[in-house]
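Remarks on the overall topology
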Amino acid sequence: MASSVDSLFVKAQNTTLPKSLRPTSPPPDNVPKHKHVKDLKLRTKLNRQAAHAARSKALVEDAELLLTNEAGKMQVETELERTWRIGQDDIVQSASQEAAKGRRELKLDGGPYRSRYSRNGRHLAIVGNMGHVATFDWQTGTMHAELQLQETCRDITFLQDQSFFAVAQKKYVFIYDRDGVELHRLKAHIEPTRLEFLPYHWLLASVGNNGFLKYQDTSTGHIVAEHRTKLGACHTLAQNKHNAVLHLGHSNGVVTLWTPNIPHPAVQILAHYGPVVGLSVDPSSGGRYMATSGQDGVVKVWDCRNWKGTVREWTTRGGGAELEWSARGALSVAVGGSVNVYTKPSIQTPHAPKAPPPLYLTHPIPHRPLTSVRFCPFQDILTIGHNAGLSSILVPGVGEPNFDSMEADPFENKKARREREVKGLLDKIQPDMITLDPDFVGALAPPTKLTTAVNDTHDIPFARLPRLERLRVQGKADETELVDDDEDIADGDGDKNAKPQSRMEKEKRKMRGKGKSVKRYLRKQRKNVIDPTAVAIRAKLEKQREEKRVAKAIENGSMEARKPSALDRFRRP
Amino acid sequence: MVKISVLQHAPSVHLPARPGDPTPTTRNLDPLMHPFARARERNRALNAAKMDKLFAKPFVGALEGHIDAVEVLCKKPGSLSAVASGSWDGGVILHNVSERKHIRRIQGAHKGKVSGLCFAQDDRLLSCGVDSKIKLWDASPQDDITEQRPLNEYPGKSAFNSIDHHRSDPLFATASNIVQIWDETKSAAISNLTFPTSTETITSVRFNLSETSVLGSIGSDRTFTLYDIRTGKAERRIVMQMSSNALAWSPTFPTNVLLASEDHNLYTFDVRQLKTPTHIYKGHVAAVMSCDWSPTGLEFVSGGWDRTVRIWKEGQGTRPEVYHTKRMQRVSSSIFTADARFVLTGSDDGNVRIWKAKASEKLGIITARERAAIEYRDTLKDKWKQDNEVGRIQRNRHLPKPVYQAAKLKRTMLDTRAVKEERRRKHTRAGESKPNAERKKVVITEQT
């Protein structure tokens, strides 16, 4: 053996990563080692990826130190004091000058008022039933637009930011500029009652007196979906901010969940004995809890993951409460002549008796009816719309203290607003990605049910099989991360003793009870027309059944097996 | 008594301290603050893949000057812009690639085609031709670019096919029917290296870039041979199924060698274990005529008889980047420039073409912010390449119709052969015939 090739061997033996490319922190523990993967390169790559992911997770946990701002709070020191006894005057006195500006009353005439904050909490849009519309920056007091529309206006919403807003007027939806210039008349949305804007999909949704739910893309102008709810006029609409599903409350007490992709509701629940008046989804738990209130005076909190009864329900004095959850999980209920605020964790823990949860704060408002409640996004402020205008009250502890300036920034300047708008347009998600579970993106697809195998043996040659089938035949298919739909059911904890079934057995169990295609065909042919193929199939099935019966009888012993005779060669099979 | 504190935001933390300062950013990495994070990231990956294809304009320019087909290209070591090309009419041109001008133009350097070029030290160029002569030329930049007289001439006994210079010593090796080592100061070869039982024509010879006394050569009898100057002998050789057309040693991994084969594939071998190739690169639909490594050792370029240039990643044996033009005919030579940004190809139509190694790269001054954005997009594409839509956009290549049809036909024929092989295997008794892995079919035998 030549020394030259040996020397090549020696030189290439000690290869390590250069120091600048080596990871600086020690490898984290609890990292999964993919020992079941035989390919060394793939295994190294997967191990490196897993270590990198574990390190990033640790860094994200450390990043909580960077959250410098603290949430507001209201703590009683003695046992005799209660938080709900404290009035707004005391809170305003304890608050700083800047925070105390949040306590204000807007005395307006123009019918009962509804309000909406922009996503960063800096701009407020108000609309009165008689047609008074105003948008302004409430912190600096700058008025953007004020309009007297002189017709019934039922709802208002900002579009992507303060530069556009949409008003649900008597017959149609109109879109206005920041300065109040009318830009569009959306004649597809007829007699709208409520509006919602889905910011990540750029969709404007409206429900109306005709019972239609319509989605329109505000960046291209197309109508994405028009759904007939078939449940009559709808006056209650809420959005789940984490999966962009719209919750509608109907006049027969039914709450339905809609996506633009399915023509019927994804979920339908009978919630109340009368019309559903208030509806809101909790953003602090990722859309897990939904609060509904009916004309019957009952307020219910539901768990959206398993729709098995309410988490909490209680009766309020007076029917038809307006509801809203805050970013930190506080629920405000405006019913009768006052607004009540309840906080976590009591509002979210299951409680069987029908008693109201412990009250956190209450505020009376003499002007009835109370038509809307809105929390200001990053402040401890609750804005109530009523017959004589709007009132903003301070509620310590409901506002999210640390915002992310890339998502929503109350202090953004003109340049930042433009950049965010353009980036939002580039990142616009297509409406067909809206589902009840938003985490399906990037997850492994469920194993396909299509297989060419008959009783686990393949008929077609190995070279023509699809890739996953080939790996299965070779025994190299790594199915550790595939989750079967059957096993994922919520009540799957009763089957711990069952053996792991093979795929064939699972398929068989699924098919049991369901009509097979042959039976379906025969059922269709059971008309007055005699079809020779149907006749032949029936005869064949009959013969198979007869054979099975005979075989079973022979097993039982009730019948003797036919003795072999010389004339058997003449028998037709 | 009650402790009350109401949330407030300090404007000083969120607004710039002085006019002209950048606005401070605040981050909250709680996933609840970022709904649809994965869907948005996937959208960005999709846009990144689309932008990559939108801005893919790989052709930079053509260097003209040859009358006949370009046979061989060679880059000057230590220089970014000097490249020499030799053509079938016997002309040799030294190009300045960045200015697209000729530094030297030698018409009639050889009678017949110039079959090999290499650079010697101190601005000198060696060329060999089928007229059995090796000539040494002065390659330094001068005012008069036409050059007629060589510095030295080395006559040989038979037509030369290839030439390569030693890394540091004044030695060079040539390939004809034997591999010969020459000293620049002597007019005859100082040693002949042959394998004892070979009667072949050697088509290409290359020195190893790290272990500089080791040579590799490929021959017409489907062999790849390793030699050592110090022992003066051929060490080992392998015989393959089909002959190779070009060979290139890896610049970063000294034991890896890349062979461009007639059976449309490229093979990398580790010379310590020559029985099986380490990788097989399948993509060309006709013979691969030339190959060259990138200086990073992570990529290589191959030019084929099917009129395409393909840029491969080391370790990934399918779906390379494909460059083609209607005007470019059979690609006979391809090299990477020393900065790994450009690929030069010489083809039958007499042009040397300059292509970008990364088709959508911006050739200008890139600011730090732009570079960060480019790196982010590259990571996004890599992370989401398993997604159906993103992966499909990245994998898609436009091929000229004849190449596409040829690839389809080849795929059908190979599939039917695989199916037939399997049916044969299914119907033979167990233990009678054992299936062979693809890699083991390449090398027939190894001889020492």
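This one's a predicted model, so the numbers in the text were calculated from it and none came from an experiment.

**Overview of the overall build of chain A**
Summing up its helical and strand segments, chain A has nine helices and 31 strands in all. Evaluated residue by residue, chain A yields a buried proportion of 42% over its 573 residues. Long-range pairs, those at least 24 residues apart, make up 45% of the contacts in chain A between residues at least 6 apart in sequence. Carbon and sulfur atoms make up 53% of the accessible area of chain A, which amounts to about 33,300 Å² in all.

**Quick look at the UniProt feature "domain: BING4 C-terminal" (unreviewed entry) in chain A**
The UniProt feature table records "domain: BING4 C-terminal" (unreviewed entry) at residues 359-438 of chain A. Helix makes up 16% of residues 359-438 of chain A and strand 25%. Its end C-alpha atoms lie 33 Å apart.

**Some details on a nonpolar patch on the surface**
All names here are of chain B. On the surface, a nonpolar cluster with roughly 300 Å² of combined accessible area is contributed by Met 51, Leu 54 and Phe 55. With respect to the helices and strands, Phe 55 occurs in the loop between helix H2 (37-54) and strand E2 (59-63). Residue classification places Phe 55 among the partly exposed residues on the basis of a relative accessible area of 47%.

**Remarks on the UniProt feature "repeat: WD" (unreviewed entry) in chain A**
Annotation from UniProt places "repeat: WD" (unreviewed entry) at residues 269-303 of chain A. Split by type, residues 269-303 of chain A is 0% helix and 57% strand. Its first and last C-alpha atoms lie 12 Å apart.

**Things to note about a positive patch on the surface**
All names here are of chain A. A cluster of basic residues, Lys 170, Lys 171, Arg 185 and Lys 187, forms a positive patch at the surface. Here Lys 187 is to be found in the loop between strand E10 (182-186) and strand E11 (192-198). Accessibility expressed as a relative area gives 55% for Lys 187, which makes it exposed.

**Considerations on the sheet that holds strand E13 (residues 179-183) of chain B**
Sheet strands associate in pairs through backbone hydrogen bonding, adopting either a parallel or an antiparallel arrangement. Residue and element names in this part refer to chain B. An order of E11-E12-E13-E14 is seen for the four strands of this open sheet, with the pairing classed as antiparallel. The open sheet is flanked by strand E11 (162-165) and strand E14 (189-193), the only strands paired with a single partner. Within the sheet, the average angular offset between the axes of one strand and its neighbour, ignoring direction, is 20 degrees. Relative to E14, E13 is paired through four bridges, and the arrangement is antiparallel. Directly across from Trp 182, in E14, lies its bridge partner Ala 189.

**A short note on the UniProt feature "repeat: WD" (unreviewed entry) in chain B**
All names here are of chain B. Sequence positions flagged by UniProt for "repeat: WD" (unreviewed entry) are, in local numbering, residues 107-147, 281-313 and 324-365. The span residues 281-313 carries 0% helix and 58% strand; its end-to-end C-alpha distance comes to 10 Å. Secondary structure content for residues 324-365 is 0% helix and 40% strand, while the C-alpha to C-alpha distance between its ends is 27 Å.

**Side note on the environment of B:Ile181**
Residues and elements named next belong to chain B. With respect to the element layout, Ile 181 can be found in strand E13. Note on Ile 181: relative accessible area 1%, which makes it buried. In the structure, Ile 181 is positioned 70 residues away from Lys 111 in sequence and 23 Å away in space, judged by C-alpha atoms. When near neighbours in sequence (up to four residues on either side) are disregarded, Ile 181 contacts Leu 171, Phe 172, Ala 173, Ala 189, Ile 190, Ser 191, Leu 193, Leu 215 and Ile 229.

**Details of the interface of chain B and chain A**
Many descriptions give the size of an interface as the accessible area lost when the pieces come together. Counting residues at the interface gives 50 residues for chain B and 72 residues for chain A. For the pairing of chain B and chain A, the buried interface totals around 5,400 Å² over both sides, and the portion due to carbon and sulfur atoms is 59%. Area buried by chain B at its contact with chain A is led by B:Leu7, B:His9 and B:Phe36, which between them contribute 14% of it. The tally of links from chain B across to chain A stands at three salt bridges. Between B:Arg27 and A:Asp404 there is a salt bridge, with its nearest N and O atoms 3.0 Å apart. Connecting chain B to chain A are 23 residue pairs in polar contact (both at pLDDT 80 or more). Of all the secondary structure elements, the ones that give two or more residues to the side of chain B that touches chain A are strand E1 (2-5), helix H1 (11-14), H2, strand E18 (233-240) and helix H5 (401-426) of chain B. Of the residues forming the side of chain B that touches chain A, the biggest block, seven residues, is contributed by H2(B). Class assignment for the residues of the side of chain B that touches chain A results in 19 nonpolar, 16 polar and 15 charged. In this sheet, E1(B) lies alongside strand E1 (residues 73-76) of chain A in antiparallel orientation, the contact comprising four bridges. Counted as the bridge partner of A:Gln75 is B:Lys3 from E1(B).

Here is what the cut-offs are and how they apply
- Residues numbered from 1 in each chain as written.
- Chains lettered and ligands numbered in written order.
- Predicted model: local features only at pLDDT ≥ 70, side-chain atom pairs only at ≥ 80, totals over all residues.
- Heavy atoms only, no water.
- Helix = DSSP H or I, 4+ residues; strand = E, 2+ residues; numbered from the N terminus.
- Buried < 20%, exposed > 50% of the residue type's maximum accessible area, 1.4 Å probe, protein only.
- Contact = heavy atoms within 4.5 Å.
- Areas by Shrake-Rupley, 256 points an atom, 1.4 Å probe, with all protein chains shown as cover.
- UniProt positions renumbered as here; feature names shortened; annotations may be inferred.
- Patch = residues over 30% accessible without salt bridge, like charges linked within 9 Å, V, L, I, M, F, W, Y side chains within 5 Å.
- Salt bridge = Lys/Arg side-chain N within 4 Å of Asp/Glu carboxyl O.
- Lys, Arg positive; Asp, Glu negative; His and termini not counted.
- Charge placed at Lys NZ, Arg CZ, Asp CG, Glu CD.
- Pairing = 2+ DSSP bridges.
- Axes fitted to C-alpha atoms, helices over the stretch in contact; angles between N-to-C directions.
- Buried area = accessible area lost by both parts, 1.4 Å probe.
- Polar contact = N/O pair within 3.5 Å; in protein donor to acceptor, adjacent residues only side chain to side chain.
- Nonpolar A, V, L, I, M, F, W, Y, C, P; charged D, E, K, R; others polar.

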